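Given next are the chains, with one letter for each unit.
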Amino acid sequence: MTLVLCPGSFDPITNGHVDIITRARDVFGEVLVGVGRNTLKAAYLFGDRRLDLVREATAHLAGVTAEPMEGLLVDFAKERGITTVVKGLRFGTDFDFELQLAHMNHSLTGLETVLLPASAPHVSLSSTIVREVIKFGGDVSPHVPPCVAAAAGELPRQV
Ligand code: ADP
């Protein structure tokens, strides 16, 4: 059993994230989901609810826990004795970015990165698109865990 880290901003967690977390758990045994802040992104739609939604959406998965993540990813991992990060890979742009991050993280502390290919049904699913649909009152329930669909229904619409 190896504990690995699945980091992200999860605004909100989608079925694509749950798929990667589940498969990382199946391969490595234990997963810590790090719910962080991506300073490249604007304000969060789900704010402080992101962590609770991750916990609720993964409650059925033995060996999976979630924590808020602040600061450098490599420090967060090192403090917990974690040596491997697992991330999902959708399309070419994901790869270009993840490769840069993986090289930087490895050079900082030796943290390894394992990239799992997104499953076919989720390959073009992103939190960004889900947020846009939610803002305008669309139904995202086929693409997100039930707790996220319920939380989305409580948010104010933009139109
Ligand atoms: P970030 O803020 O770093 O973009 P996200 O919360 O968007 O983080 O995503 C976290 C991780 O989940 C990233 O590695 C991303 O590639 C992966 N991911 C996001 N959506 C999917 C999906 N539909 N299928 C597989 N992996 C995904």
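Quick caveat, the model's predicted, so the values are computed rather than measured.

A. Expanded view of the overall build of the chain. A tally of regular secondary structure across the chain gives six helices and five strands. When its helices and strands are written in sequence order, the chain yields β-α-β-α-β-α-β-α-β-α-α. Relative to the 2.2 N^0.38 estimate, which gives 15 Å for 159 residues, the radius of gyration of the chain is 15 Å and therefore close to what a compact globule would have. Along the first, second and third principal axes, the C-alpha set of the chain runs to 45 × 30 × 30 Å. Counting contacts in the chain only where the partners sit at least 6 residues apart, residues at least 24 apart contribute 76% of the total. Per element, the accessible surface of the chain, about 8,600 Å² overall, is 57% carbon and sulfur. Charge-centre separation for the chain: the mean point of 14 positive side chains lies 3 Å from the mean point of 18 negative side chains.

B. Highlighting the packing of aromatic side chains. Inspection of the entire model under this criterion finds zero aromatic pairs. Geometry around Y44 places R50 over its ring, the cationic atom sitting 3.9 Å from the centre. Over the ring of F76 we find R80, and its NZ or CZ is 3.7 Å from the ring centre.

C. Inspection of the site of the ligand at higher detail. Residues in contact with the ligand amount to 17 residues; listed here are only the nearest, S9, F10, G88, H122 and L125. Within the contact set of the ligand, an oxygen atom lies 2.9 Å away from a backbone nitrogen or oxygen of F10. Residue H122 places a main-chain N or O atom 2.8 Å away from a nitrogen atom belonging to the ligand. For the ligand, whose free accessible area comes to 550 Å², the fraction covered by protein is 90%. Breaking the shell around the ligand down by element, the ones donating at least two residues are strand 1 (2–8), helix 1 (15–28), strand 4 (84–89) and helix 4 (92–109). When residues in the shell around the ligand are grouped by element, the largest group, three residues, is from helix 1.

D. Region of interest: the environment of T22. Within the secondary structure, T22 sits in helix 1. For the pair T22 and E154, spaced 132 residues apart in sequence, the C-alpha separation works out to 27 Å.

E. Broad picture of helix 5 (residues 127–135). Within helix 5, burial applies to S127, V130, R131 and I134. Taken down its axis, helix 5 places every buried residue within 100° of arc, on the same side. For helix 5, the secondary structure elements touched by its buried residues are helix 1 and helix 6 (146–153). Positive phi appears at G137, one or two residues downstream of helix 5, with a value of about 80°.

F. Region of interest: the pattern of salt bridges. Summed over all chains, the structure comprises nine salt bridges. Measuring nitrogen to oxygen at the nearest pair gives 3.7 Å for the salt bridge that ties D11 to R131. Of this pair, D11 sits in the loop between strand 1 and helix 1 while R131 sits in helix 5, and the two are 120 residues apart along the sequence. With respect to class, D11 is no different from R131; both count as buried. Three or more residues joined by partner-sharing salt bridges are found here, namely E67, E79 and R80.

Rules behind the numbers
- Residues numbered from 1 in each chain as written.
- Predicted model: local features only at pLDDT ≥ 70, side-chain atom pairs only at ≥ 80, totals over all residues.
- Heavy atoms only, no water.
- Helix = DSSP H or I, 4+ residues; strand = E, 2+ residues; numbered from the N terminus.
- Rg over C-alpha atoms; globule rule 2.2 N^0.38 Å.
- Contact = heavy atoms within 4.5 Å.
- Areas by Shrake-Rupley, 256 points an atom, 1.4 Å probe, with all protein chains shown as cover.
- Lys, Arg positive; Asp, Glu negative; His and termini not counted.
- Charge placed at Lys NZ, Arg CZ, Asp CG, Glu CD.
- Phe/Tyr/Trp six-rings, centres within 6.5 Å; stacked < 30°, edge-to-face > 60°.
- Lys NZ or Arg CZ within 6 Å of the ring centre and 35° of its normal.
- Near = heavy atom within 4 Å.
- Polar contact = N/O pair within 3.5 Å; in protein donor to acceptor, adjacent residues only side chain to side chain.
- Buried < 20%, exposed > 50% of the residue type's maximum accessible area, 1.4 Å probe, protein only.
- Arc of directions from axis to C-beta.
- Salt bridge = Lys/Arg side-chain N within 4 Å of Asp/Glu carboxyl O.

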